[in-house]
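Chain by chain, the residues run as shown.
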Amino acid sequence: MIGSLFGRKKRRPAADAAVSDSIEDAAAGDVFTVTGHAVEYEDAYFIVEKVNRYRSAAGSWREALGVDSESRLWVSWAEDAGVLYVTVSPDVRPVGLSTIGLTDQDMIRLDDEQSIDNYVIVDGTSYYYRFSAEATLFEGNGSGQEFYMWDLVSEDDTRVLTIDKWEGLPFHARFSDVISPDNVTLYKQLGGPDG
């Protein structure tokens with residue numbers, strides 16, 4: 001089915017593919033594009049490989065892994081007070097705390113104090129504490145896996161630093177970029193559940 005919908009070279013959506021107003025409608029097999037963010041993504045058509053759901057005391061959110069012949073990109077979204085908040089990050093290995101100049105004690109202090117006035121400095125940028133909480137990952141349609149997470153946002157609100165702690169594993173950190181929801185276009189798979 002996918003081969004008949006998309007050209008072999010760049011996997012462009014069919015001319016009559018259903019365009020969705022929001023990445024919130026993403027499902028495996030759909031295609032999305034990201035514009036106005038990074039030059040390497042401008043001509044990429046990402047096929048959604050999977051969609052994961054998360055839940056914590058701070059709310060719920062989703063993420064989709066998009067795969068293009070040359071790139072793999074995560075797009076995450078959550079609604080906050082009626083506003084859609086979207087981030088993107090390349091599918092790269094997370095880094096350890098020491099790599100970004102933080103320690104386990106820094107994470108414990110942020111969690112104990114739970115103050116939005118607190119921040120950490122990474123590569124000269126201040127990242128302000130947003131929340132820390134136990135969260136649950138529902139990968140695909142699977143059962144939930146629990147972990148602990150910290151969410152921090154850069155002083156200019158353009159980047160997010162997320163730090164996860166899974167039982168039996170070291171802390172790991174990931175950076176993502178905040179983008180306008182208008183910069184993501186979703187093409188629904190024809191003949192799919194919503195297409």
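Every chain begins its residue count from 1, and numbering advances along the sequence as written. It should be noted that, the model being predicted, local features are given only for residues of pLDDT at least 70 and side-chain atom pairs only at 80 or more, the latter also being counted only at that level, while totals for whole chains, interfaces and linings use all residues. For side-chain calculations, the full set of non-hydrogen atoms in the structure is used, while hydrogens and water are omitted.

**Student:** What exactly am I supposed to notice about the overall build of the chain here?
**Tutor:** Across its full length, the chain holds two helices and 12 strands. Working definition: helices are DSSP H or I runs of at least four residues, strands are E runs of at least two. Numbering for both runs from the N terminus. Taken from the N to the C terminus, the helices and strands of the chain come in the order α-β-β-β-β-β-β-α-β-β-β-β-β-β. Looking at the 195 residues of the chain, the share that counts as buried comes to 44%. Should any heavy atoms of two residues lie within 4.5 Å, those residues are counted as being in contact. Sequence separation of at least 24 residues holds for 45% of the intrachain contacts in the chain that already meet a minimum separation of 6. For the area figures, the Shrake-Rupley method with a 1.4 Å probe applies, and any residue is considered shielded solely by the protein chains shown. In the structure as shown, the chain presents an accessible area of about 10600 Å², 46% of it carried by carbon and sulfur atoms. Categorising residues by exposure relies on relative accessible area from a 1.4 Å probe, with only protein chains included: less than 20% of the type maximum marks a residue as buried, more than 50% marks it as exposed, and the intermediate range marks it as partly exposed.

**Student:** What am I meant to see in the nonpolar core here?
**Tutor:** When a protein is soluble and globular, its nonpolar side chains tend to lie buried together. Residues grouped as a nonpolar core are buried Ala, Val, Leu, Ile, Met, Phe, Trp, Tyr and Cys residues, joined through side-chain atoms within 4.5 Å. Counting 20 residues, the largest nonpolar core has Ile-23, Phe-32, Val-75, Trp-77 and Val-86 as its most contacted members. Sorting the residues of this core by element identifies strand 2 (31-34), strand 3 (46-56), strand 5 (72-80), strand 6 (83-90) and strand 12 (184-188) as the ones contributing at least two each. Once you skip the residues sitting within four places of it in the chain, Val-86 turns out to touch Ile-23, Val-75, Ser-76, Trp-77, Asp-177, Val-178, Ile-179, Pro-181 and Val-184. If you look at the next biggest cluster of nonpolar residues, it comprises 15 residues, including Val-120, Val-122, Tyr-129 and Phe-171.

**Student:** Would you mind showing me how to read helix 2 (residues 104-113) here?
**Tutor:** Note: α-helices contain 3.6 residues per turn, so residues at a spacing of three or four share the same orientation. Among the residues making up helix 2, those that are buried are Met-107, Leu-110 and Asp-111. Projected onto a plane normal to the axis of helix 2, the buried residues spread over an arc of 95° and lie on a single side. Turned more than 90 degrees away from the buried face of helix 2, the exposed residues are Gln-105 and Asp-112. Looking at the packing, one finds that the buried side of helix 2 touches strand 7 (119-122), strand 8 (125-138), strand 9 (144-154) and strand 10 (159-165). Within two residues after helix 2, Gln-114 carries a phi angle of roughly 45°, on the positive side. What the arc describes is the spread of directions from the helix axis to the C-beta atoms.

**Student:** Explanation requested: unusual backbone geometry in the structure shown.
**Tutor:** A negative phi holds for most residues other than glycine; trans holds for most peptide bonds. With phi around 55°, Ala-81 is a residue other than glycine that occupies positive phi space. Tracing the backbone through its elements, the reader meets Ala-81 in the loop between strand 5 and strand 6. Even without being glycine, Asp-123 reaches a positive phi, approximately 50°. The residue Asp-123 is located in the loop between strand 7 and strand 8 in this model.

**Student:** I tried to follow the confidence of the model for the chain on my own but got confused; where do I start?
**Tutor:** Fine structural detail should not be taken from predicted coordinates in areas where pLDDT scores are low. In the predicted model, the chain carries a mean pLDDT of 88, and the fraction of residues at 70 or more is 87%. In predicted models, pLDDT denotes the confidence assigned by the predictor to each residue on a 0 to 100 scale. In the model, residues 1-10 has pLDDT below 50 throughout and makes 20 contacts with residues more than four positions away in sequence or in other chains.

**Student:** Just to check I follow, could you spell out the pairing of strand 2 for this structure?
**Tutor:** Each regular strand displays side chains that alternate between the two surfaces of the sheet. Residues Val-31 and Thr-33 of strand 2 are buried on one face, and the alternating residues Phe-32 and Val-34, pointing to the opposite face, are buried as well. Should DSSP find at least two bridges between two strands, the strands are regarded as paired. Judged from the two bridges that link them, strand 2 and strand 3 form a sheet pairing that is antiparallel. Bridged to Phe-32 within strand 3 is Phe-46. As paired elements, strand 2 and strand 12 share four bridges and run antiparallel to each other. Within the sheet, the bridge partner assigned to Val-34 lies in strand 12 and is Val-184.

**Student:** What should I look at first to understand the environment of Arg-174 in this one?
**Tutor:** Checked against the element boundaries, Arg-174 lands in strand 11 (residues 172-179). Residues Arg-174 and Gly-96 lie 78 residues apart in sequence; the distance between their C-alpha atoms is 9.1 Å. If sequence neighbours within four positions are ignored, Arg-174 has contacts with Pro-94, Val-160, Leu-161, Thr-162 and Asp-164.

**Student:** Help me understand the pattern of salt bridges, please; the structure alone is not making it clear to me.
**Tutor:** Pairs may arise between side chains of opposite charge once their charged atoms sit close together. Every case where a carboxyl oxygen of Asp or Glu lies within 4 Å of a side-chain nitrogen of Lys or Arg is listed as a salt bridge. Throughout the structure, instances matching the rule amount to eight salt bridges. Asp-30 is the salt-bridge partner of Lys-188, the closest N and O atoms lying 2.6 Å from each other. Within this pair, whereas Lys-188 is found in strand 12, its partner Asp-30 is found in the loop between strand 1 (18-20) and strand 2, the two being separated by 158 residues in sequence. For Lys-188, a relative accessible area of 8% puts it in the buried group. The class for Asp-30 is buried, based on a relative accessible area of 2%. As a salt-bridge pair, Asp-164 and Arg-174 come within 2.6 Å of each other at their nearest N and O atoms. You can see Asp-164 sitting in strand 10 and its partner Arg-174 sitting in strand 11, a full 10 residues away along the chain. Since its relative accessible area comes to 33%, Arg-174 is described here as partly exposed.

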